[in-house]
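Structure at a glance
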Amino acid sequence: MAPDEFVLDTPVVRQFVGEVQAAIGPASSPQQAIEAIRPAFAALLADPDWLPDAYRADAPESGMGGGIGQWLLYRAEDGSLSLFSLVVPSGSQTPVHDHLAWGLVGLYRGTQDEEIYTRRGNRLELKEQRALCPGDFYDLIPPQDDIHRVRTTSAETSVSIHLLTNDTGCVWRHAYDPDSGEAKPFRSGYVNAPCEDGA
Ligand SMILES: [Fe+2]
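The structure displayed is predicted, hence computed values, not measured ones.

1. With respect to the overall build of the chain
Helix and strand counts for the chain stand at two helices and 12 strands. Computed over the C-alpha atoms, the radius of gyration of the chain is 16 Å, within 12% of the 16 Å expected from 2.2 N^0.38 for a compact globule of 199 residues. Overall, the C-alpha framework of the chain stretches about 45 × 40 × 35 Å when taken along its three principal axes. Taking all 199 residues of the chain together, 47% fall into the buried category. The long-range fraction of contacts in the chain, counting pairs at least 24 apart against all pairs at least 6 apart in sequence, stands at 71%.

Okay, here's the thing in structure tokens:
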């Protein structure tokens, strides 16, 4: 079996992933695991030094469009966990998308507006809009609040940190047309790591 992949192999990332795995192991529910992970995640967002500039850079050719870069930092070999940064240039926004796995998402640099959608039959309805500042984070437990879009509102590029219990860049999920509600198969990929089939 392939070993876990530490693309950013540093003591900070190894310690964080170790703490996350230790929290998930005995947890009887995603909620319980998230509560146990929260302090380590907050500390990661508060630490200004652990993320090199390369993982804070936009990516003009990315599959997300708008110069948005999704940089893999770590993933488990069995696809059960991934840590990545999402870099959204000023004024750019992601497609409306889902994640299909529980986890934690927090803002590291810049500011963002987030729009959360809910399904009403075949349509999407805007449920909530919130402004995020560095250090803000939220948990994600699908299907609750799993469909969203983020837009960078700062003059500087925004960087958010995602810890999710799938190989988010490589799984097929959905991008949505917010007006019609139509869902299309969507795979974002990572800027710096291939998916198993080479994509
Ligand atoms: Fe997202």
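2. A closer look at the state of the cysteines
Counted by the stated rule, this structure contains one disulfide. Here cysteine 170 engages in a disulfide with cysteine 195; their sulfurs sit 2.1 Å apart. Residues cysteine 170 and cysteine 195 are joined through a disulfide that is left-handed, its torsion about the S-S bond being -90°. You can see cysteine 170 sitting in the loop between strand S10 (158–164) and strand S11 (173–176) and its partner cysteine 195 sitting in the segment after strand S12 (183–186), a full 25 residues away along the chain.

3. Describing the coordination of the iron ion
Taken together, His97 (NE2), His99 (NE2) and His148 (NE2) make up the protein donors of the iron ion, found 2.1 Å from the metal. All donors of the iron ion come from a single chain, and their spacing in sequence reads H-x1-H-x48-H. One end of the pair, histidine 97, is in strand S4 (residues 96–97); the other, histidine 148, is in strand S9 (residues 147–152), with 51 residues separating them in the sequence. With respect to burial, histidine 97 and histidine 148 carry one shared label: buried.

4. Things to note about the environment of tyrosine 138
Inspection of the secondary structure assignment puts tyrosine 138 in strand S8 (residues 137–140). The exposure class of tyrosine 138 is buried, given its relative accessible area of 10%. Counting along the chain gives 25 residues from tyrosine 138 to leucine 163, while the straight-line C-alpha distance between them is 11 Å. When neighbours within four sequence positions are excluded, tyrosine 138 is seen to be in contact with Gly103, Leu104, Val105, Glu114, Arg130, Leu132 and His148. Here glutamate 114 takes part through its side chain, which lies 3.1 Å from a polar atom of the side chain of tyrosine 138.

5. Observations concerning the sheet that holds S8
Ordered by their spatial adjacency, six strands build an open sheet running S1-S2-S3-S10-S5-S8, and the pairing between neighbours is antiparallel. Each edge of the open sheet carries a strand with a single partner, namely strand S1 (5–6) and S8. With six bridges joining them, strand S5 (residues 103–109) and S10 adopt antiparallel strand pairing. Counterpart to glycine 103 in the pairing with S10 is leucine 164. Against the sheet, helix H2 (residues 30–46) touches S5, S8 and S10, its axis set at about 15° to S5.

6. Brief notes about the pairing of S5
By the criterion of burial, S5 is predominantly enclosed, with six of the seven residues buried. Bridge analysis of S5 against S8 gives four bridges, and the strand direction is antiparallel. The residue bridging glycine 103 from the neighbouring strand is leucine 140, located in S8.

Conventions used here
- Residue numbers here run from 1 along each chain, matching the order of that chain's written sequence.
- Only residues with pLDDT of 70 or above have their local features reported here, since the model is predicted, and side-chain atom pairs are shown and tallied only from 80 upward, although totals for entire chains, interfaces and linings are computed over all residues.
- Only hydrogens and water are set aside when side-chain values are computed; all heavy atoms of the structure are taken into account.
- Helix and strand labels come from DSSP, where a helix needs a run of H or I of at least four residues and a strand needs a run of E of at least two; each type is numbered from the N terminus.
- Atoms counted for the radius of gyration: C-alpha only. Globule rule: 2.2 Å times residue count to the power 0.38.
- Type-normalised accessible area, obtained with a 1.4 Å probe on protein chains alone, sets the label of each residue: buried when under 20%, exposed when over 50%, and partly exposed for intermediate values.
- Whether two residues are in contact is decided by their heavy atoms: any pair within 4.5 Å suffices.
- The rule for a disulfide is simple: a pair of cysteine sulfur atoms within 2.5 Å.
- Sites may look incomplete because water is not among the atoms; the donors themselves are N, O and S atoms within 2.8 Å of the metal, or within 3.2 Å for Na, K and Ca.
- Polar contact is the term for a pair of N or O atoms within 3.5 Å; when the atoms are in protein, one must be able to donate a hydrogen and the other to accept it, and sequence-neighboring residues count only if both atoms are side-chain atoms.
- Strands were regarded as paired on the criterion that DSSP finds at least two bridges between them.
- To obtain each axis, a line is fitted to C-alpha atoms, and for helices this fit is confined to the stretch in contact; angles are then taken between N-to-C directions over 0 to 180 degrees.

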